[in-house]
Amino acid sequence: MQRLLVSLGIALIAAGCGGSSGDVLLDPPVAGEGFQLDIPKFEVAAGDEVQSCYFFAVPGPAGQDVWVNHFKLAANVGTHHMNIFRVKTVVGLGGNPGDVVVSKNGTGPCFVSSNWADWPLVANTQQGGDTVDWQLPDGVGQKFTGGELLMVQIHFVNATTQKTPSGGRGDANFYTMPSAPAMEMGTIFATNQNIRVCPGDTDKMFETHCKTPLSGATIIAANGHFHSRGVEFTMNVTDSLGNDMLPQPFYTSTAWSEPPMTTGLNIQIPDGGGVSWTCDFSADASSCGNPNDSCCFTFGGKVETQEHCNAFIYYYPKVQDYSCF
Amino acid sequence: MRRTFAIALFVFFTNACKGPDKPPPTCDDTFIGDPSLAPEAMVVVTDGLSGMLVDVNAGDAVPLVRPPQGGQVTYAAVRVRNINRCAVSLAGRFRDPTSMVELGFDRRTVDLVAGADGWGRPDVTHLSNLANIPLCPDNDPKRDNQGTPALLELQVTDQHAHTVTQTVQVVPTCTSPDAAMRALCVCECSHLPATGRMCAAADGGL
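These remarks concern the structure in this document. Computed from a prediction, not measured in an experiment: that's the story for all the values here.

Points about the overall build of chain B
Item 1. On a plain count of helices and strands, chain B comes out with 2 helices and 13 strands.
Item 2. Look at the contacts in chain B between residues 6 or more apart in sequence, and 65% of them connect residues 24 or more apart.
Item 3. Of the roughly 9900 Å² of accessible surface on chain B, a fraction of 59% belongs to carbon and sulfur atoms.

Examining the state of the cysteines
Item 1. Enumeration according to the criterion identifies 9 disulfides over all chains in this entry.
Item 2. Linked covalently through their sulfurs, A:Cys279 and A:Cys309 form a disulfide whose S-S length is 2.0 Å. Sign of the S-S torsion, about 95° for the bond between A:Cys279 and A:Cys309, identifies this disulfide as right-handed. Placement of A:Cys279 in strand S19 (residues 274-281) and of A:Cys309 in the loop between strand S21 (306-307) and strand S22 (310-316) is noted, with a sequence separation of 30 residues between them.
Item 3. At a sulfur-sulfur separation of 1.9 Å, the disulfide partner of B:Cys27 is B:Cys86. In this structure the cystine formed by B:Cys27 and B:Cys86 twists about its S-S bond by roughly -80°; its chirality is therefore left-handed. Of this pair, B:Cys27 sits in the loop between helix H1 (2-17) and strand S1 (31-32) while B:Cys86 sits in the loop between strand S6 (83-84) and strand S7 (88-95), and the two are 59 residues apart along the sequence.
Item 4. The class of B:Cys27 is buried, set by a relative accessible area of 18%.
Item 5. Going through chain B in sequence order and numbering each bonded cysteine, the pairs you get are 1-2, 3-7, 4-5, 6-8.
Item 6. Bonded cysteines in chain A are paired 1-2, 3-8, 4-10, 5-9, 6-7 when counted in the order they occur along the chain.

Brief notes about the pattern of salt bridges
Residues and elements named next belong to chain B.
Item 1. By the definition in use, this model includes 21 salt bridges over all chains.
Item 2. Between Glu102 and Arg93 there is a salt bridge; the shortest N-O distance is 2.7 Å. Each member of the pair, Glu102 as well as Arg93, carries the same accessibility label: buried.
Item 3. Note that Arg95 is salt-bridged to Glu153, the shortest N-O span being 3.3 Å. Of this pair, Arg95 sits in strand S7 while Glu153 sits in strand S12 (residues 150-157), and the two are 58 residues apart along the sequence.
Item 4. The buried category is assigned to Arg95, whose relative accessible area is 11%.

Here's the deal with the interface of chain A and chain B
Item 1. Taken together, the contact pairs 45 residues of chain A with 43 residues of chain B.
Item 2. Ranking the residues of chain A by area buried against chain B places A:Gln193, A:Asn194 and A:Phe325 at the top, with a combined share of 20%.
Item 3. Seen at the junction of chain A and chain B, the total is 1 salt bridge.
Item 4. For B:Arg107, the salt bridge identified is with A:Glu207, shortest N-O distance 2.5 Å.
Item 5. For the interface between chain A and chain B, the tally reads 14 residue pairs in polar contact (both at pLDDT 80 or more).
Item 6. Contributions of two or more residues to the side of chain A that touches chain B are made by strand S4 (79-86), strand S12 (186-191), strand S14 (204-211), S22 and strand S23 (322-324) of chain A.
Item 7. In terms of residues, the side of chain A that touches chain B owes the most to one element, S14(A), which gives 7 residues.
Item 8. Considered class by class, the residues forming the side of chain A that touches chain B number 18 nonpolar, 19 polar and 8 charged.
Item 9. Bridge count for S14(A) against strand S8 (residues 102-110) of chain B is 3 bridges, and the pairing is antiparallel. Within S8(B), the residue paired with A:Glu207 across the bridge is B:Arg107.

Examining helix H2 (residues 179-188) of chain B
Residue and element names in this part refer to chain B.
Item 1. Leu184, Cys185 and Glu188 are the residues of H2 that are buried. Down the axis of H2, the smallest arc covering the buried residues is 100°, so these residues share one side.
Item 2. In this structure, the buried side of H2 is in contact with strand S4 (61-64), strand S5 (72-81), strand S11 (131-136) and strand S13 (163-174).
Item 3. Of the residues flanking the start of H2, the one acting as N-cap is Asp178, its side-chain oxygen 3.0 Å from the backbone nitrogen of Ala180.

What counts and how
Residues numbered from 1 in each chain as written. Chains lettered and ligands numbered in written order. Predicted model: local features only at pLDDT ≥ 70, side-chain atom pairs only at ≥ 80, totals over all residues. Heavy atoms only, no water. Helix = DSSP H or I, 4+ residues; strand = E, 2+ residues; numbered from the N terminus. Contact = heavy atoms within 4.5 Å. Areas by Shrake-Rupley, 256 points an atom, 1.4 Å probe, with all protein chains shown as cover. Disulfide = S-S within 2.5 Å. Buried < 20%, exposed > 50% of the residue type's maximum accessible area, 1.4 Å probe, protein only. Salt bridge = Lys/Arg side-chain N within 4 Å of Asp/Glu carboxyl O. Buried area = accessible area lost by both parts, 1.4 Å probe. Polar contact = N/O pair within 3.5 Å; in protein donor to acceptor, adjacent residues only side chain to side chain. Nonpolar A, V, L, I, M, F, W, Y, C, P; charged D, E, K, R; others polar. Pairing = 2+ DSSP bridges. Arc of directions from axis to C-beta.

Shape descriptors only; they carry no functional weight alone.
Right, dumping it as structure tokens:
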């Protein structure tokens, strides 16, 4: 009986803590069918936030088109995000294939967003302990070139807001297409300006519109990003005059730590329209972000003490990879 | 004794199960002005440096300023009266004056501060209290947003449905005193070339 109770207790504790304590591993694609960006295991000490930037080259002969239509993205429990960018202008953050830049607790070049200002978004996940298996629609692919430099930015938190029980680790599998598809996928990255949430604030809302001069574009996937003060994140599409077009947002998330990557969308952006996104925040009266600013939480990458309101959107056919600041 | 214990137990469990306390209000929702009059408003902007809000009149240049994350925005608000002051919705928008197409939009919840002159304004000490209306990077393939007239539309609505909208035609203008920042602003606020934009430095936001 005693043994049964002990077993039951262990089971309850495990269930209460949630998630697996093991590594999330992906088998790499079969040779000739894709490639893997592998983030090896690293330690995230108690109380730390570690954000690391890993550099990879797309395999293949230099300059040769590489088309991808299927992604698998996985990261250990405790990940805050894993974002993949194409490397463009180098400003304080750079590397050759195989290099890694490790930054901690909100400081260091991997936390300085201006360093990758014009680096287009490739793909992202925020679901720790889980695998995002994302097959693009028929006839749609994302284009790379052999030798192209990519950067994987992976952020783990092992503090009060999130826990990383078994260290940082992640994998991104890119499955290639045998020939060019009919349409190319583009991305939109959007971030809100000058957000500030203070202890005692309830339902403090920020909304911004990202204008994209697209014609006949379709959104196929999206996810939103904020920190632990975030209550609800939504996205809608707007017409050219700025009016929301859908009676309900096409994306809603109330899970700040594991916001879902919504795939399988088929949302038309009206000609001359764009995307609206909202972030609702509340902060407990006893919480504290920046003690030098009335304990308020302002824009920044440190989860424990700062906030974000960012949208990741994937569409086709590509005109440009857009950024909205 | 048993009854006291039972009451204590009841109080303990009642408190234990009710969840976190609701945070205390941070703003007393006083009325600014005369409740018998309709809300009035005047569009104001700041350059983000002076800590001053200035009235905007038709034809005025309004500053395009680089916010923390990058891009270029206009920090805009209203001075307003005959409205409640707490948790108002402040929305700011640029439109093309000919087509009325929206060029940029920002809406946020702010508290107003009653001034000695009888008008309420957001606290300009924190630029997060103003509409940060994004106009750049300019994603349009043809229109230059810098130096081209635009309609600046501000709307404020309080928690009691008092609302007022003001629109004024302005010229968004890169005004940074730093030449390099001004050049960056002009680059980001010009139409998007088909080959993509290459400006000196911008920002990413993660």
